Amino acid sequence: SQQGEEDPQALSIQEGENATMNCSYKTSINNLQWYRQNSGRGLVHLILIRSNEREKHSGRLRVTLDTSKKSSSLLITASRAADTASYFCATVAAAGNKLTFGGGTRVLVKP
Amino acid sequence: GAVVSQHPSWVICKSGTSVKIECRSLDFQATTMFWYRQFPKQSLMLMATSNEGSKATYEQGVEKDKFLINHASLTLSTLTVTSAHPEDSSFYICSARAWELDGYTFGSGTRLTVV
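Okay, so let's go over this structure. Being a predicted model, the structure only gives us computed values, none of them experimental. (Residues numbered from 1 in each chain as written. Chains lettered and ligands numbered in written order. Predicted model: local features only at pLDDT ≥ 70, side-chain atom pairs only at ≥ 80, totals over all residues. Heavy atoms only, no water.)

So, on to the overall build of chain B. Within chain B one finds 0 helices and 11 strands. Put simply, chain B runs from its N terminus to its C terminus through helices and strands in the order β-β-β-β-β-β-β-β-β-β-β. Taking 2.2 N^0.38 as the reference for a compact globule, 115 residues should give roughly 13 Å; the C-alpha atoms of chain B span a radius of gyration of 13 Å, in line with that estimate. In terms of principal-axis extent, the alpha carbons of chain B reach across some 40 × 30 × 25 Å. (Helix = DSSP H or I, 4+ residues; strand = E, 2+ residues; numbered from the N terminus. Rg over C-alpha atoms; globule rule 2.2 N^0.38 Å.)

This is the structure we're talking about:
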């Protein structure tokens, strides 16, 4: 089963612009993670934010977490054509170790 | 860093045959591995949790007899799709977690086409 929804489902931007995508989830979590998937390939872990954290940065990535709203956002700043991929949020429940994915956002960065 | 190797990367098989997909953790031990299924332009759906030395835990709606999982060692889990049918055609991905890392490491996936 999927944990929740991602918004938007697809995003098309110009190189240099910022890309923002949102993720909502349903249950209490231990942490929330963001992954990138290039077409037909495996997933690459981008960043993890724990339930007691509100914001985290990694390079051009900024993740926020609002546990009261059960939502998270991923911001990619100064996007590049190489950022074109699908981005998924995934949660690990407060109890357990299963990683459950949201619906994903397909990002197209045009050169 | 942690690497998960998944083989084969693609396979075409005839209806009614069985296909085995391997997932190996190359530089770490994984007592738990996860198997996902992904349809085109969709998200990953967790199929089952593979536990070393014990039975796999299947998600609701996943047929245990259809998707056989074996986790015989700390570095290898296998998924066998038995009596495959065209509707089993999909992208299957495994993952595991190395405890020193924050995230989960994924294999490169196996694209199964049943004809």
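Picking up where we left off.
Quick look at the interface of chain B and chain A now. In many reports, interface size means the accessible area that the parts give up when they come together. Opposite the 21 residues of chain B that make contact, chain A presents 22 residues. Between chain B and chain A, a total of about 1,700 Å² is buried, with carbon and sulfur atoms accounting for 54% of that surface. On inspection of chain B and its partner chain A, the count reaches 1 salt bridge. The shortest N-O distance in the salt bridge between K98(A) and E59(B) comes to 3.0 Å. Counting across the chain B and chain A interface gives 6 residue pairs in polar contact (both at pLDDT 80 or more). Residue assignment for the side of chain B that touches chain A shows that the elements contributing at least two residues are β4 (32–38), β5 (44–51) and β9 (90–96) of chain B. Partitioned by chemical class, the residues of the side of chain B that touches chain A number 9 nonpolar, 8 polar and 4 charged. (Contact = heavy atoms within 4.5 Å. Buried area = accessible area lost by both parts, 1.4 Å probe. Salt bridge = Lys/Arg side-chain N within 4 Å of Asp/Glu carboxyl O. Polar contact = N/O pair within 3.5 Å; in protein donor to acceptor, adjacent residues only side chain to side chain. Nonpolar A, V, L, I, M, F, W, Y, C, P; charged D, E, K, R; others polar.)

Next up on the list: the nonpolar core. Membership of the largest hydrophobic core comes to 27 residues, with the highest contact counts inside it found for F67(B) and L112(B). Among the secondary structure elements, those contributing two or more residues to this core are β2 (10–13), β3 (19–25), β4, β5, β7 (67–73), β8 (76–81), β9 and β11 (110–114) of chain B. Those residues in contact with F67(B) that lie beyond four places of it in its chain are R37(B), M47(B), Y58(B), V62(B), L79(B), T80(B), V81(B), D88(B) and Y92(B). The next biggest cluster of nonpolar side chains, apart from the first, holds 22 residues, and it includes I49(A), L65(A), I76(A) and C89(A). (Core = buried A, V, L, I, M, F, W, Y, C linked by side-chain atoms within 4.5 Å. Buried < 20%, exposed > 50% of the residue type's maximum accessible area, 1.4 Å probe, protein only.)

What follows is about the sheet that holds strand β1 (residues 4–7) of chain B. Residues and elements named next belong to chain B. Here 4 strands make up an open sheet; going across it, the order is β1-β3-β8-β7 and the pairing antiparallel. Pairing within the sheet leaves two strands with one partner each, and these edge strands are β1 and β7. For this sheet, the mean inter-axis angle between neighbouring strands, taken without regard to orientation, is 15°. (Pairing = 2+ DSSP bridges. Axes fitted to C-alpha atoms, helices over the stretch in contact; angles between N-to-C directions.)

Once that is clear, we can look at the side chain of S5(B). Residue and element names in this part refer to chain B. Here S5 is to be found in strand β1. For S5, the side chain forms a polar contact with the side chain of H7, separated by 3.0 Å. Non-local contacts of S5, meaning those with residues more than four positions away in its chain, are made with E22, C23, R24 and L26.

Residue and element names in this part refer to chain A. Under the definition given, this model contains 6 salt bridges over all chains. A salt bridge links R62 to E55, with the nearest nitrogen and oxygen atoms 3.1 Å apart. You can call R62 partly exposed: its relative accessible area is 29%.

Glancing now at the state of the cysteines. Evaluation of the coordinates by the stated rule reveals 2 disulfides over all chains. C23(A) shares a disulfide with C89(A); S-S distance 1.9 Å. Taking the torsion about the S-S bond as the criterion, the C23(A) to C89(A) disulfide, at about 70°, is right-handed. Here C23(A) is found in strand β3 (residues 19–24), whereas its partner C89(A) is found in strand β9 (residues 85–93), with 66 residues between them in sequence. Here C23(B) pairs with C94(B) through a disulfide, and the sulfurs are 2.0 Å apart. In this structure the cystine formed by C23(B) and C94(B) twists about its S-S bond by roughly 85°; its chirality is therefore right-handed. Pair noted here: C23(B) is in strand β3 and C94(B) is in strand β9, with a separation of 71 residues, a long-range link. Unpaired in terms of disulfides, C13(B) finds its nearest cysteine sulfur in C94(B), a separation of 18 Å. (Disulfide = S-S within 2.5 Å.)

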